[in-house]
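For reference, the chains in residue letters:
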Amino acid sequence: MTVLAIENLNVVFATEGGDLHALRDVSFKVPEQRIVGIVGESGCGKSTLINAILGLLAENGRIASGSISFEGEDLAHLDDKAIQDLRGPRLSTVFQDPMGALNPVISVGRQMRNIQYRSDLARAEKDARSIDMLRQVRIPDAAQALKRYPHEFSGGMKQRIAIAMALMMEPALLIADEPTTALDATLEVTTIELLKDLQAEIGCSVLFISHHLGVIAELCDDVVVMYAGEVVERGSTRQVFGNPSHPYTARLLDCDPARQSERTRQLPTIPGELPDLRRRPEGCIFAARCDRRMDVCAAIPPDIEVVPGHVARCFLAESQ
Ligand SMILES: Nc1ncnc2c1ncn2[C@@H]1O[C@H](COP(=O)(O)OP(=O)(O)O)[C@@H](O)[C@H]1O
Ligand SMILES: [Mg+2]
């Protein structure tokens, strides 16, 4: 079963310099109970993708074409209000700044009860569930924590409380946009392990955005590599990291010699810049920066299936 299926999604922002094509023909799936990672440099369209799914695109942005099917419903054609109604029970989110999810003037306990507003449980039972959830994200003295306010917790704890709140109602899909980027390396490891344990327990799917290859390698079952608004490679993490078939992915991994085990905090730098998305260059989107460019790259490469489920948009990719 597929929880989220994105097909040929195109998102355009109106700008003074003309239309900026932030996502071009983006397609991928998030299957049931899988953790899918999106990786790519800053500006490649990760947040635009999340915002398109959640009905949170800026005023000047629009979905020009394509579909976003969540549990069989096309979010691309729902109005923003209807998408907001899905959020919470079925579709939940965690962002880089946990304070986006936490209200500073309401106690943690009351916020966690509020999330359970659709449940028929009595207040004490709701609190018991909250305590259980806080224990699962390893908040010490969970019963006492319900009475406290967000500012009384450290940054790492706030993010864990936000995760507890996001997973409380056992959503089908958790969307996490750089949830560990603001944490130090040790806390990042703990938070990732915790997220993985909770995901397994709840059995939800996760769409996890990060520019951090080490985290993606550790956490994700599948990976989608984006470059300048396009999916250049996707497949299982093992397929993509083990046999990178797009030169962009290969360069990202080259710069990270210990690969999976090495925790690079930054995406490695590749010479050159992202193309101007208002004027897409002809042919392969990565050609200007590619050290394996050929004459044929003046045309847009096809999506080549290297092995079933592993696809790369490059003339060099070979079906095996
Ligand atoms: N509201 C907007 N108006 C115009 N351009 C935008 C807007 N939001 C994002 N963009 C552009 O869309 C592209 C993708 O941005 P974004 O999705 O934020 O990338 P990422 O999250 O991967 O860093 C960038 O070129 C960015 O400048
Ligand atoms: Mg972003």
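1. Quick notes on the packing of helix α6 (residues 155-167) against helix α7 (residues 185-202)
Working step 1: In contact at an axis separation of 11 Å, α6 and α7 are set at 15° when each is read in the N-to-C sense. What the angle tells us is that α6 and α7 run roughly parallel. Where α6 crosses over α7, the two elements pack in a sense that is right-handed. Listed contacts from α7 to Gly-156, Arg-160, Ile-163 and Leu-167 of α6 are Leu-187, Thr-191, Leu-194, Leu-195, Leu-198 and Ile-202.
Working step 2: Across the contact of α6 with α7, the residue classes break down as 7 nonpolar, 2 polar and 1 charged.

2. What to know about the pairing of strand β4 (residues 61-70)
Working step 1: Examined bridge by bridge, strand β1 (residues 2-15) and β4 share 8 bridges and lie antiparallel to one another. Residue pairing for β4: Glu-7 is matched across the bridge by Ser-67.
Working step 2: The pairing of β4 with strand β5 (residues 73-74) spans 2 bridges and is antiparallel. Of the residues in β5, the one forming a bridge with Ser-69 is Asp-74.
Working step 3: Taking the residues between adjacent antiparallel strands as the criterion, β4 and β5 are bridged by 2 residues, where Glu-71 takes a positive phi near 45°.

3. Brief notes about helix α1 (residues 46-54)
Working step 1: With 7 of 9 residues buried, α1 is to be regarded as a mostly interior element.
Working step 2: Within the span of α1, buried status applies to Lys-46, Thr-48, Leu-49, Ile-50, Ala-52, Ile-53 and Leu-54.
Working step 3: The first or second residue beyond α1 is Gly-55, which carries a positive phi of 70°.

4. Overview of the site of ligand 1
Working step 1: Not every one of the 15 residues close to ligand 1 is listed here, only the nearest: Gly-43, Lys-46, Ser-47, Thr-48 and Asn-60.
Working step 2: Contacts to ligand 1 include Cys-44, whose backbone N or O atom sits 3.2 Å from an oxygen atom.
Working step 3: At 3.0 Å from an oxygen atom of ligand 1 is found a main-chain nitrogen or oxygen belonging to Gly-45.
Working step 4: Every element with two or more residues in the shell around ligand 1 is listed here: β1, β2 (18-31) and α1.

5. What to know about the side chain of Arg-160
Working step 1: Note on placement: Arg-160 falls in helix α6.
Working step 2: Polar contacts involving the side chain of Arg-160 include one to the main-chain carbonyl oxygen of Val-137, which spans 2.7 Å.
Working step 3: Those residues in contact with Arg-160 that lie beyond four places of it in its chain are Val-137, Arg-138, Ile-139, Leu-187 and Leu-194.

6. Here we look at the sheet that holds β1
Working step 1: Strand order in the open sheet formed by 4 strands is β2-β1-β4-β5, and the pairing between neighbours is antiparallel. The sheet terminates laterally at β2 and β5, the two strands that pair on one side only.
Working step 2: Lying on the sheet, α1 is in contact with β1, β2 and β4; it crosses β1 at an angle near 110°.

7. Quick notes on the domain arrangement of the protein
Working step 1: By domain assignment, the protein separates into domain 1 (2-90 + 171-313) and domain 2 (101-170).
Working step 2: Distance from the C-alpha centre of domain 1 to the C-alpha centre of domain 2: 30 Å.
Working step 3: Contact with domain 1, which involves 19 residues of that partner, is made by 14 residues of domain 2.
Working step 4: When the two sides are added together, the surface that domain 1 and domain 2 hide from each other amounts to roughly 1,400 Å², 68% of it contributed by carbon and sulfur.
Working step 5: At the boundary of domain 1 and domain 2, one finds 1 salt bridge.
Working step 6: Close ionic contact of Asp-197 with Arg-138 constitutes a salt bridge, the shortest N to O distance being 3.6 Å.
Working step 7: In this assembly, domain 1 and domain 2 are joined by 1 residue pair in polar contact (both at pLDDT 80 or more).
Working step 8: Ranked by residues supplied to the side of domain 1 that touches domain 2, first place goes to α7 with 9 residues.
Working step 9: Among the residues making up the side of domain 1 that touches domain 2, the classes are represented as 12 nonpolar, 3 polar and 4 charged.

Cut-offs and rules
- Residues numbered from 1 in each chain as written.
- Chains lettered and ligands numbered in written order.
- Predicted model: local features only at pLDDT ≥ 70, side-chain atom pairs only at ≥ 80, totals over all residues.
- Heavy atoms only, no water.
- Axes fitted to C-alpha atoms, helices over the stretch in contact; angles between N-to-C directions.
- Helix = DSSP H or I, 4+ residues; strand = E, 2+ residues; numbered from the N terminus.
- Parallel < 35°, antiparallel > 145°, perpendicular 65-115°, else oblique.
- Left-handed = near helix turned anticlockwise from the far one by under 90°.
- Contact = heavy atoms within 4.5 Å.
- Nonpolar A, V, L, I, M, F, W, Y, C, P; charged D, E, K, R; others polar.
- Pairing = 2+ DSSP bridges.
- Buried < 20%, exposed > 50% of the residue type's maximum accessible area, 1.4 Å probe, protein only.
- Near = heavy atom within 4 Å.
- Polar contact = N/O pair within 3.5 Å; in protein donor to acceptor, adjacent residues only side chain to side chain.
- Domains from an automatic or database assignment.
- Buried area = accessible area lost by both parts, 1.4 Å probe.
- Salt bridge = Lys/Arg side-chain N within 4 Å of Asp/Glu carboxyl O.

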